[in-house]
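Here is how the chains run, residue by residue.
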Amino acid sequence: MLNLKLYLDNSFIHRLLTVFIGVGILVVAAGVPKVYGLPVYRGEYVVTVRPQSVSDDRIGALASASIENHAAVVQRLQSNTFVVTDELRSLPAQVREVSALESLVDPEDQFCKRLLAQGVVDSCTPNFQLTVSQAGADPLMSSLWGLTDESGVGAVSAWDTTSASSDVVVAIIDTGIDYTHEDLAANIWTNPGEIAGNGVDDDGNGYIDDVRGINFSINAPNIIDPMDDNQHGTHVAGTIGAIPGNGLGVRGVSGGVKLLPIKFMDAGGSGRLSDAIAAIDYMVDLKLHRGINIRVANNSWGGGGYSVALEDAIRRARDAQIAFVVASGNSAADLDLFPSYPASYEVENVVTVAAIDQQQNLASFSNYGAEGVDVAAPGVDIISTLPGQGYGSLSGTSMATPHVVGSLALLFSAEPGLSVGEAIIRLLESGRDLATLVSPDGSLSYVRSRRVVSAARLVANIRAPISNPDESLTPCGYQFQVANLMSEGALDDAADKLNPINQVDEGDFRAITLPFDFPFFRKTTRVLYVSPNGVVYLNPPRSADYQFAKRAPNNSIAAFHADLIPRSAKQGIRAYVGDDRVVIFWHSEAYSLTDRGPISVRLTLYRSGLIRSTVSFESARDPIALSKLVLGDPFGAQPTSALGLIGVSATSLAYSSTMDIAAAQRGLPQFSGGRLDLAVNMVPNCTNPSFGAPPEEELQVARVDSIKLRVANSKKKIGVVLNGVGSGKIPVRASINGRMCEPVAWGSLAQGKGTFNLTLPKTARKVSLHTSEARATVQVKGRESSRRGEKLSAMCAELLRAVH
C-alpha cells in the first residue's frame with residue numbers, strides 16, 4: 001500500500017478574522033461584545049460637570065440646579081457627579097455638536113446624546129452593572145457561541161453540574177500544541193513515567209524524553225517535541241481544554257482535563273499514513289501499558305483511501321476503550337455516496353462530526369451523510385487559542401470535532417465508569433434535535449442522529465432514542481433472483497458493438513438521457529449518470545468512486561462496483577438506448593483482478609422498472625480457481641471480491657445484488673469456454689400505479705403471504721414460519737428494538753413453506769421480520785434495556801445468522 005498523505009480537515013478555512021496577540025489588548029472581532037453591550041441599570045445615567053473655581057458646595061448647588069432644569073437628579077455622588085434618570089425636561093434654544101469622546105453610549109440610546117447637546121453636562125454614561133472579578137472571567141467568553149445553550153453545545157449549563165476532571169486525558173492527534181500558551185500550559189499532560197532531559201527512556205515505551213507527548217512528523221527536526229508549528233492543533237486544543245477563569249482569552253468545553261499532544265502532521269498541515277498509525281498506537285500503549293487514563297481522542301484530519309492498517313489501529317483504540325472522534329471533512333459531500341477516511345470507518349468507537357453555523361444550518365462546506373455522519377457541532381467562526389499567546393477564529397469540521405470531544409470529556413469526568421459504547425450511545429441520544437439537519441421534505445437526514453451535541457443534556461442523562469428512518473419506504477424495494485442465462489437467453493449484447501462513450505479511468509461521469517420515465521423506488525428519472533467503475537447514479541456524483549463502499553451510495557445501481565480500468569482501445573463504456581430498455585456495457589479490467597483478463601459488466605434497465613445485472617469474467621485459464629476467487633470457496637462464507645449494491649437514499653436500505661446473491665446460490669453460475677457468467681434480476685415491488693407493472697413473465701418469483709413468530713421458553717430463540725407461494729429465495733428484513741437492520745437475509749421457500757430459527761441478542765426486546773408482502777412483530781418480555789453496549793450491526797448479525 002502507498003504511504004498516503006493525510007491533511008488537516010480545515011482545508012476549507014471559511015474565515016480567519018484576526019489574531020489576538022498579547023495580554024490586556026482590547027480587540028474587536030465578529031461576535032466579541034463592544035462597550036455598548038455591557039449590562040446596565042436601565043434608565044439610570046451617571047453625569048459629570050466641569051469643576052468651577054468656587055467651593056464644592058457652591059458648585060454642587062449650581063450644577064444640581066442646572067441639571068434639574070433638564071433631567072431628574074436621583075443622587076449626588078460628588079460635587080460634580082450625579083445620577084440622573086432618562087427624563088428630559090426642556091431643550092435649550094441652541095445645542096452644540098457632541099464629539100465621540102464625550103459619549104461612550106450605544107448610538108441607539110438618545111438620552112446622553114441629547115443631554116450632552118444641551119451643554120449642561122460634560123460626560124454621560126449609562127449606570128453600568130459591575131461584577132466582582134470572579135473565576136470564569138475569560139475576556140472572550142461571550143464570543144464563544146459554540147459553548148452556549150441557545151446555538152452551541154450547551155457547555156455553560158453543563159458546568160452548573162459538572163466540572164472537567166484532571167484525571168481524564170484527551171489525546172489530540174494533530175499538528176501538535178503550543179504547550180507554552182498561557183491559556184493551555186497548566187492543562188498540558190506530562191508523562192509521570194519520564195524524567196525530562198536525562199536522555200533515557202524512563203517509562204520503557206520506546207521513546208526518550210516524551211514528557212509532553214510526542215512528534216511523529218517526518219519533517220520535524222526533533223522527533224519528540226510536539227510543539228505546534230502550524231496553528232491547527234493549538235486551536236483544537238483551546239476548544240477542548242483552554243483554562244477556565246484565569247482572566248485570559250477563551251475557555252474550553254472541558255477546561256480541566258489534561259491535553260496530550262500527539263503530533264504527526266507538519267507545518268504545512270500534512271502527514272504520512274504510517275505516522276497516523278504510529279500516533280494512534282502511541283496513545284493506545286499509554287492507555288494499556290502506562291496507566292494513562294486516555295478516554296477520547298480528537299482527530300480533525302483525513303485524506304487518502306481506505307486503509308486496513310489504519311482501520312486496525314482504530315480498532316486497537318476501541319479495544320483500549322478510547323472514543324475516536326473524527327471530522328467529517330469539508331468537501332460538502334455525502335459520505336454515504338463518497339466515503340472519506342478516517343470518517344467512514346465502521347468501527348464502534350468512531351464518532352463522525354459535521355459542522356453547523358451560528359444560524360443552526362449545516363455549514364456550507366461540511367460533509368454530511370444520513371448513515372456516514374453521526375452528529376453535528378458548531379464549526380463556523382470558532383475563536384480559540386493560537387500559537388504565540390494568540391487567539392483567532394477558524395472554520396471547518398476540524399473546529400466542530402473538539403466540541404464533541406470536550407463534551408465526552410465532561411461525561412467521562414462525571415461518570416468515569418462508563419464504557420466507550422455506553423458513552424457514544426448517550427452522546428447521540430442526548431443531542432439537541434435540529435430541524436435544519438433534515439431535508440425539507442423530511443425524507444433524508446444530513447446526519448444519522450439528526451442532532452447537535454448537547455453537553456448539558458449529555459451529563460444530565462436526558463435522552464431520547466434516535467428515531468428510525470421512515471419504514472414506510474421499506475416495502476417499496478426490490479426482490480432479487482439469480483438469473484439462469486441458459487434458460488432465459490443469451491447476454492443482452494445490444495451495446496457491445498457500439499462506439500465507446502467513455503474510456504477514462506476515473507471521473508468524467510457521462511449523462512444518458514432516456515426516452516422513457518424509468519421508475520426507481522418511489523422516484524422516476526430520465527437521466528442516468530454512468531461511472532467508469534460499474535455504477536449508475538440518478539444524481540450527478542461529485543468525486544471519483546473507485547473505492548467500494550460497504551453501503552449502497554444514495555440513488556445508485558451498482559452492477560459491479562470495482563476499480564475498473566480500460567487498458568486498450570477496445571475497452572471502455574458503451575450504451576444502447578432503446579424504446580423499451582437501456583443497456584450500459586462496461587468492458588474493462590478490474591484493478592484487483594488484472595491477471596484474470598477482461599471483465600464485462602452489463603446493466604439493463606427496462607421501462608417497466610426491472611433491472612438485470614450481469615458480470616462475465618473472461619479468463620479461460622482456470623475456471624474453477626476463478627470461481628473460487630470471485631464467489632468464494634464453496635466451503636467459505638463470503639465471496640472475496642467486490643459486490644454490487646442498490647440504494648435509493650438513507651431512508652431506505654442497501655440491497656445486495658450481482659456478486660453476493662449469485663454467491664449465495666452456488667452451482668448456478670455458467671461456464672462457457674472458460675468464461676464465468678453471473679446474472680441477477682432485480683424485480684421492483686413498488687405499487688405506485690404511475691410506475692406501471694413489469695410484464696407478468698418477469699414477475700415469476702416466490703412470495704410470502706404471512707409470517708408467524710414464536711418465542712421459545714428460554715427466550716433465546718424465535719421460531720419463524722413463512723407461508724406463501726412458489727419456491728426460491730426470499731429477501732427477509734428485520735428490525736431490533738425499532739431499529740432497522742442493514743443487511744438483507746435470504747430465507748428459503750419450498751412449495752410455499754419455509755421455517756427457521758433466529759438467535760435473539762440478549763438486549764433484543766422487540767423484533768420484527770418482513771418481506772415485501774408480509775410482516776410480523778414479537779415482544780420479548782423481561783429483557784434488559786436495549787442498546788446498552790451492543791452495536792446494532794452486531795445484534796443484526798447474531799439475529800440473522802440462521803437465515804440463508
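What comes next concerns the included structure. (Residues numbered from 1 in each chain as written. Predicted model: local features only at pLDDT ≥ 70, side-chain atom pairs only at ≥ 80, totals over all residues. Heavy atoms only, no water.)

Some remarks on the overall build of the protein
Across its full length, the protein carries 13 helices and 41 strands. Going through the 804 residues of the protein one by one, you find that 55% of them count as buried. When contacts within the protein are restricted to residue pairs at least 6 apart in sequence, long-range pairs at least 24 apart make up 68% of them. Carbon and sulfur atoms make up 51% of the accessible area of the protein, which totals about 33300 Å². (Helix = DSSP H or I, 4+ residues; strand = E, 2+ residues; numbered from the N terminus. Buried < 20%, exposed > 50% of the residue type's maximum accessible area, 1.4 Å probe, protein only. Contact = heavy atoms within 4.5 Å. Areas by Shrake-Rupley, 256 points an atom, 1.4 Å probe, with all protein chains shown as cover.)

Brief notes about empty space enclosed by the protein
In this structure the tally under the stated criterion is two cavities of 30 Å³ or more. A volume near 90 Å³ is recorded for the second largest cavity. In terms of lining residues, the second largest cavity is bounded by 14 residues, among which Leu144, Leu147, Ile382, Ile383 and His403 are the most central. Of all the secondary structure elements, the ones that give two or more residues to the lining of the second largest cavity are α4 (232-241) and β16 (382-386). Looking at which element gives the most residues to the lining of the second largest cavity, the answer is β16, with three residues. (1 Å grid on protein atoms, 1.4 Å probe; cavity = no way out; pocket = protein on both sides within 12 Å on 5 of 7 lines; lining within 4 Å. Points joined across faces, edges and corners; volume = space filled by probe spheres on them.)

Details of helix α2 (residues 110-117)
Within the sequence span of α2, burial applies to Phe111, Cys112, Leu115, Leu116 and Ala117. Looking one or two places after α2, you find Gly119, whose phi comes out positive at around 75 degrees.

Observations regarding the packing of helix α7 (residues 397-414) against helix α8 (residues 420-429)
Look at α7 against α8: their axes get within 11 Å of each other, and the N-to-C directions meet at 120 degrees. Classified by the angle their axes make, α7 and α8 are oblique. Seen along the crossing, α7 lies across α8 with a hand that is right-handed. Residues Val404, Leu408, Leu411 and Phe412 of α7 form the contact with α8, whose participating residues are Ala423, Arg426 and Leu427. (Axes fitted to C-alpha atoms, helices over the stretch in contact; angles between N-to-C directions. Parallel < 35°, antiparallel > 145°, perpendicular 65-115°, else oblique. Left-handed = near helix turned anticlockwise from the far one by under 90°.)

Considerations on the nonpolar core
Grouped together as the largest cluster of nonpolar side chains are 61 residues, with contacts concentrated most on Leu259 and Val404. If one sorts the elements of this core by residue count, α7 sits on top with nine residues. Ignoring any residue separated from it by four or fewer positions in sequence, one finds Val404 in contact with Val325, Val351, Val353, Val375, Ala377, Leu427 and Val453. Membership of the second largest hydrophobic core comes to 46 residues, among which are Ile173, Trp301, Ala317 and Leu437. (Core = buried A, V, L, I, M, F, W, Y, C linked by side-chain atoms within 4.5 Å.)

Some thoughts on unusual backbone geometry
Excluding glycine, a negative phi dihedral is what most residues carry, and trans is how most peptide bonds are arranged. In this structure, Pro342 follows Tyr341 across a cis peptide bond, with omega equal to 15 degrees. We note that Asp209 has phi near 60 degrees; this positive angle belongs to a residue other than glycine. Relative to the assigned elements, Asp209 resides in the loop between β7 (169-174) and β8 (214-215). The class for Asp209 is buried, based on a relative accessible area of 19%. A positive phi angle, close to 55 degrees, is found at Ala332, a residue other than glycine. Secondary-structure assignment places Ala332 in the loop between β13 (323-327) and β14 (350-356).

Here's the deal with the environment of Gly369
Here Gly369 shows up in the loop between β14 and β15 (375-378). Residue classification places Gly369 among the buried residues on the basis of a relative accessible area of 0%. A sequence separation of 30 residues divides Gly369 from Pro339, and the C-alpha atoms of the two residues are 9.5 Å apart. Not counting residues within four places of it along the chain, the set of residues in contact with Gly369 comprises Asp334, Leu335, Asp336, Ser445, Tyr446, Val447 and Arg448.

Section: the packing of helix α5 (residues 273-289) against helix α6 (residues 308-319)
Contact geometry of α5 with α6 gives a least axis separation of 9 Å together with a crossing angle of 15 degrees. Between α5 and α6, the angle falls in the class roughly parallel. Relative to α6, the crossing made by α5 is left-handed. For the pair α5 and α6, contact is made by Leu273, Ile277, Ile280, Asp281, Met283 and Val284 and by Ala309, Leu310, Ala313, Ile314, Arg316 and Ala317, respectively. Per-class residue counts for the contact of α5 with α6 are 10 nonpolar, no polar and two charged. (Nonpolar A, V, L, I, M, F, W, Y, C, P; charged D, E, K, R; others polar.)

Overview of the packing of aromatic side chains
For the structure shown, the criterion picks out seven aromatic pairs. Ring plane angle 75 degrees and centroid distance 5.6 Å describe the contact between Tyr207 and Tyr282, whose orientation is recorded as edge-to-face. With Tyr207 in the loop between β7 and β8 and Tyr282 in helix α5, this pair connects stretches of sequence that are 75 residues apart. On the basis of relative accessible area, Tyr207 is assigned to the partly exposed category, the value being 24%. With a centroid separation of 5.8 Å and an interplanar angle of 80 degrees, the aromatic rings of Tyr368 and Tyr446 are classed as edge-to-face. Taken together, the residues Tyr368 in the loop between β14 and β15 and Tyr446 in the loop between β18 (432-433) and β19 (451-452) connect sequence positions 78 residues apart. With a relative accessible area of 16%, Tyr368 lands in the buried category. Chaining the aromatic ring pairs together yields one cluster made of Tyr207, Phe216 and Tyr282. In this structure, Arg251 is placed above the aromatic ring of Trp159, and the distance from its NZ or CZ to the ring centre is 3.6 Å. (Phe/Tyr/Trp six-rings, centres within 6.5 Å; stacked < 30°, edge-to-face > 60°. Lys NZ or Arg CZ within 6 Å of the ring centre and 35° of its normal.)

Section: the pairing of strand β39 (residues 753-759)
Only one face of β39 is buried: it carries Gly754, Phe756 and Leu758, and the other face, with Lys753, Thr755, Asn757 and Thr759, is open. Pairing geometry for strand β35 (residues 717-725) and β39, over seven bridges, is antiparallel. Along β39, the bridge assignment pairs Ile718 with Leu758. (Pairing = 2+ DSSP bridges.)

Remarks on the environment of Gly724
Assignment of secondary structure puts Gly724 in strand β35. A relative accessible area of 25% means that Gly724 is categorised as partly exposed. In the structure, Gly724 is positioned 30 residues away from Gly754 in sequence and 8.6 Å away in space, judged by C-alpha atoms.

Comments concerning the pattern of salt bridges
Counted according to the given criterion, the structure contains 17 salt bridges. The salt bridge involving Arg602 is made with Asp496; its shortest N-O contact spans 2.7 Å. In this pair, Arg602 is assigned in strand β28 (residues 599-606) and Asp496 in the loop between α10 (485-488) and β21 (510-520), connecting sequence segments 106 residues apart. Classification of Arg602 as buried rests on a relative accessible area of 8%. (Salt bridge = Lys/Arg side-chain N within 4 Å of Asp/Glu carboxyl O.)

Some thoughts on the environment of Lys497
Mapped onto the fold, Lys497 is located in the loop between α10 and β21. Take Lys497: its relative accessible area is 83%, and that puts it in the exposed class. Each C-alpha atom, one on Lys497 and one on Ala575, is 9.7 Å from the other, the two residues being 78 residues apart in sequence.

Some details on α6
For α6, spanning 12 residues, the distance from its first C-alpha to its last is 16 Å, which sits close to the expected 16 Å at 1.5 Å a residue. Among the residues making up α6, those that are buried are Leu310, Glu311, Ala313, Ile314 and Ala317. Along the axis of α6, the buried residues cluster in a sector spanning 155 degrees; they form a single face. Where the residues of α6 are buried, they touch α5, β12 (301-302), β13 and β14. Regarding α6, its N-cap is Ser307, as a side-chain oxygen of that residue lies 3.3 Å from the backbone nitrogen of Ala309 further along. A positive phi of about 60 degrees marks Gln321, the residue just after α6. (Expected span 1.5 Å × (residues − 1). Arc of directions from axis to C-beta. Polar contact = N/O pair within 3.5 Å; in protein donor to acceptor, adjacent residues only side chain to side chain.)

Some remarks on the side chain of Glu194
The topology assignment puts Glu194 in the loop between β7 and β8. Among buried Asp, Glu, Lys and Arg side chains, Glu194 stands out as unpaired, with Arg290 the closest opposite charge at 8.4 Å. Here the side chain of Glu194 touches Asp203 through a polar contact of 3.4 Å, landing on its backbone nitrogen. (Lys, Arg positive; Asp, Glu negative; His and termini not counted.)

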